Amino acid sequence: MNHNHNHNPQSSDGKHDDDAALSDFLASLMDYTPTIPDELVEHYLAKSGFQCPDVRLIRLVAVATQKFVADVASDALQHCKARQAAVVKDKRDKQQKDKRLVLTMDDLSKSLREYGVNVKHQEYFAESPSTGMDPASRDE
């Protein structure tokens, strides 16, 4: 029987592997151009009192932010699809000719709430759902 107890994640070999993987990942950020520009990330980090000259850390924050925004948008899309599917069920007698998805502030708010972000938005009232739309795209 092998009684080697080197399976502890805190072992020196495991720590070395983790450090090497982290170093490799941080080095790869030097060659990566995130969707969110470095200058924008630096601006908001500085605004919150954080300054770091290491571009790798700036890009790490950009990648994490990009992932967060993508996750929120994906969840909001699911809320939108569920809401519009419920509307179609209620109106089965009318044929739906426009299959475009319309993402609403409510869809986005529900998605953000799942991530612990509560959004308060001004209520406004429109004469009809098409108010403010391009006249050519109205279905009246």
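Located above this text is the structure these notes cover.
Note that this is a predicted model, so its numbers are computed, not measured.

Here is what the cut-offs are and how they apply
Residues numbered from 1 in each chain as written. Predicted model: local features only at pLDDT ≥ 70, side-chain atom pairs only at ≥ 80, totals over all residues. Heavy atoms only, no water. Phe/Tyr/Trp six-rings, centres within 6.5 Å; stacked < 30°, edge-to-face > 60°. Helix = DSSP H or I, 4+ residues; strand = E, 2+ residues; numbered from the N terminus. Buried < 20%, exposed > 50% of the residue type's maximum accessible area, 1.4 Å probe, protein only. Core = buried A, V, L, I, M, F, W, Y, C linked by side-chain atoms within 4.5 Å. Contact = heavy atoms within 4.5 Å. Polar contact = N/O pair within 3.5 Å; in protein donor to acceptor, adjacent residues only side chain to side chain. Salt bridge = Lys/Arg side-chain N within 4 Å of Asp/Glu carboxyl O.

This paragraph deals with the packing of aromatic side chains. Following the criterion strictly, the structure yields 1 aromatic pair and no others. Here Phe68 and Tyr115 contribute two aromatic rings whose centre-to-centre distance is 5.6 Å and whose plane-to-plane angle is 85°, an arrangement assigned as edge-to-face. Residue Phe68 is found in helix H3 (residues 55-90), and its partner Tyr115 is found in the segment after helix H4 (105-114); the two are separated by 47 residues along the sequence. The exposure class of Phe68 is partly exposed, given its relative accessible area of 33%. Given a relative accessible area of 34%, Tyr115 falls into the partly exposed group.

This next bit is on the nonpolar core. If you look at the biggest cluster of nonpolar residues, it comprises 5 residues: Ile36, Val41, Leu45, Ile58 and Ala62. Contributions of two or more residues to this core are made by helix H2 (38-47) and H3. Other than its neighbours up to four places away in sequence, Val41 contacts Ile36, Ile58, Val61 and Ala62.

The next point concerns the environment of Asp38. Here Asp38 is to be found in helix H2. Measuring from C-alpha to C-alpha, the distance between Asp38 and Ala62 comes to 7.3 Å, with 24 residues separating the pair along the chain. When neighbours within four sequence positions are excluded, Asp38 is seen to be in contact with Val55, Ile58 and Arg59. Here Arg59 takes part through its side chain, which lies 3.1 Å from a polar atom of the side chain of Asp38.

A word on H4. Two residues of an α-helix separated by three or four positions point the same way, owing to the 3.6 residues in each turn. Within H4, the full set of buried residues consists of Asp107, Ser109, Ser111 and Leu112. In the segment just after H4, Gly116 is the residue with positive phi, at about 80°.

Tracing the sequence through the fold places Leu60 in helix H3. Leu60 sits in the partly exposed class, given a relative accessible area of 31%. Residues Leu60 and Pro34 lie 26 residues apart in sequence; the distance between their C-alpha atoms is 9.0 Å. Aside from chain neighbours lying at most four places away, what touches Leu60 is Phe25, Leu26 and Leu29.

On to the pattern of salt bridges. Counted by the stated rule, this structure contains 5 salt bridges. As a salt-bridge pair, Arg59 and Asp38 come within 3.1 Å of each other at their nearest N and O atoms. Of the two residues, Arg59 sits in helix H3 while Asp38 sits in helix H2, which places them 21 residues apart along the sequence. For Arg59, a relative accessible area of 14% gives the class buried. Given the relative accessible area of 14%, Asp38 is considered buried. Here Asp54 and Arg56 are joined by a salt bridge, their closest N and O atoms 2.8 Å apart. Accessibility expressed as a relative area gives 27% for Asp54, which makes it partly exposed. Judged by its relative accessible area of 30%, Arg56 is partly exposed.

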